[in-house]
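Listed here are the chains, written in short residue letters.
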Amino acid sequence: MYIGWIHHYIPKLLGFLAFIVNPVFVYLVFSGKSICLGNYRFLLLYFASFNVIYSTLEIAVPIVSEKGINGYRYCFYLFLTDGLFEKASSFNHFVLTVRCSMLASSYAILISHFVFRYLVILRSKYTSTRFRFFMSGSFGLCAAYVLFFGWVCESWLYAPETVKSYIRSAFREEYGADPDDFNMLSAIYSEGSEEDEFRSWIGVLMLVFMSTASISTYVFFGWKIIRKLNDSRSHTMMSQETAVLQRKLLIALTVQTIIPICISFMPSLVAWFSPVFNYNMG
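Residue numbers run consecutively from 1 along every chain, following the written order of its sequence. In view of the model being predicted, local features appear only for residues whose pLDDT reaches at least 70, and side-chain atom pairs are presented and counted only at 80 or more, with totals across whole chains, interfaces and linings using the full set of residues. To get the side-chain values, take all heavy atoms of the structure and skip hydrogens and water.

With an unreviewed UniProt entry as reference, the protein chain is termed G-protein coupled receptors family 1 profile domain-containing protein, source organism Caenorhabditis latens.

In structure tokens:
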């Protein structure tokens, strides 16, 4: 389905840029003063690899508009608009779920970064000789986030026929197509069956809990890191140069975290809950 040139080309362009930026980023990380970054280089490699995978899915599994959330009265929904997985089927719906679950994996990866920075200041062995255990835990956390998000989408936020009937007239008017022909995720807060409304509230609240818990974890470890860096006793455990480096890395990580919160979590939160008040964002 062709929505418009912005929706069709801009995500693809930005996705292809990831294949340029991230290899350059990895080269700079591993060709610089690697002794200063230590094993943190591999966590950065992990992050860059995730960016490439995410961009690949964004190109292969495009969702209408940037976050793909459409509103109609007391309902929001998202669906695939292009590519090999556009038409409705069980497998293609699973692909849509995997595509959306990548949002959850970004939360997990950022948590790993904050935990690593804190462990470095504590001189933990999990950043040196036991680093392989830390990375295994990081992979496990990412998998847990993806599985949880996918379970919520498949079990609570699927789009049954009752929801598709609810949005059918508006969908046909907006896109000139029938919602039965597309894979969808949705939530409806009113004017639906009690089962659909209950399911929607539970699914959305679980996603909100996952997001807010993740952001709270960032704030907690960021606060712990700042306290440790400002603690006079910690200054005896690290050189001035190391302390300055840790502060710079924390600032970079903070910016790296604020960006997805502002352009991903907050807009999603608004789009998830605006239908509660029958506010149509289009």
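Participant: Which residues make up the nonpolar core, and what are the values?
Facilitator: We define the nonpolar core as a collection of buried residues of types Ala, Val, Leu, Ile, Met, Phe, Trp, Tyr and Cys that are connected through side-chain atoms lying within 4.5 Å of one another. Between buried and exposed lies partly exposed: a residue is buried under 20% and exposed over 50% of the maximum accessible area for its type, with that area taken using a 1.4 Å probe on protein chains only. In this structure, Phe134, Phe149, Val204, Tyr218 and Trp272 are the most contacted members of the largest nonpolar core, which totals 59 residues. Numbering of helices and strands runs from the N terminus, with a helix taken as a DSSP run of H or I at least four residues long and a strand as a DSSP run of E at least two residues long. Only helix H3 (40–60), strand E2 (75–79), helix H4 (90–121), helix H5 (131–155), strand E3 (184–188), helix H7 (194–230) and helix H9 (240–273) provide two or more residues apiece to this core. Ranked by the residues each element gives to this core, the list is headed by H4, at 17 residues. Excluding its chain neighbours within four sequence positions, the residues that come into contact with Phe149 are Cys100, Ser101, Leu103, Ala104, Leu207 and Met210. Of all hydrophobic cores here, the second largest spans 14 residues; its members include Cys75, Tyr166, Phe171 and Met184. Two residues qualify as a contact provided that any one of their heavy atoms is within 4.5 Å of a heavy atom in the partner residue.

Participant: Go over the pattern of salt bridges, please, and point to the residues and values.
Facilitator: Any carboxyl oxygen of Asp or Glu that lies within 4 Å of a side-chain nitrogen of Lys or Arg is treated as forming a salt bridge with it. One pass over the full model with this rule turns up seven salt bridges. Notably, a salt bridge pairs Glu191 with Arg73, separated by 2.6 Å at the nearest N-O pair. Pair noted here: Glu191 is in the loop between E3 and H7 and Arg73 is in the loop between strand E1 (70–72) and E2, with a separation of 118 residues, a long-range link. The class for Glu191 is partly exposed, based on a relative accessible area of 40%. Residue classification places Arg73 among the partly exposed positions, given a relative accessible area of 31%. Of the charged contacts, one joins Arg172 and Asp178 as a salt bridge, the two residues approaching to 2.5 Å between their closest N and O atoms. Looking at Arg172, the relative accessible area reads 45%, which means it is partly exposed. Salt bridges here are not isolated pairs; linked through shared partners, they connect Glu161, Arg168, Arg172, Asp178 and Asp180.

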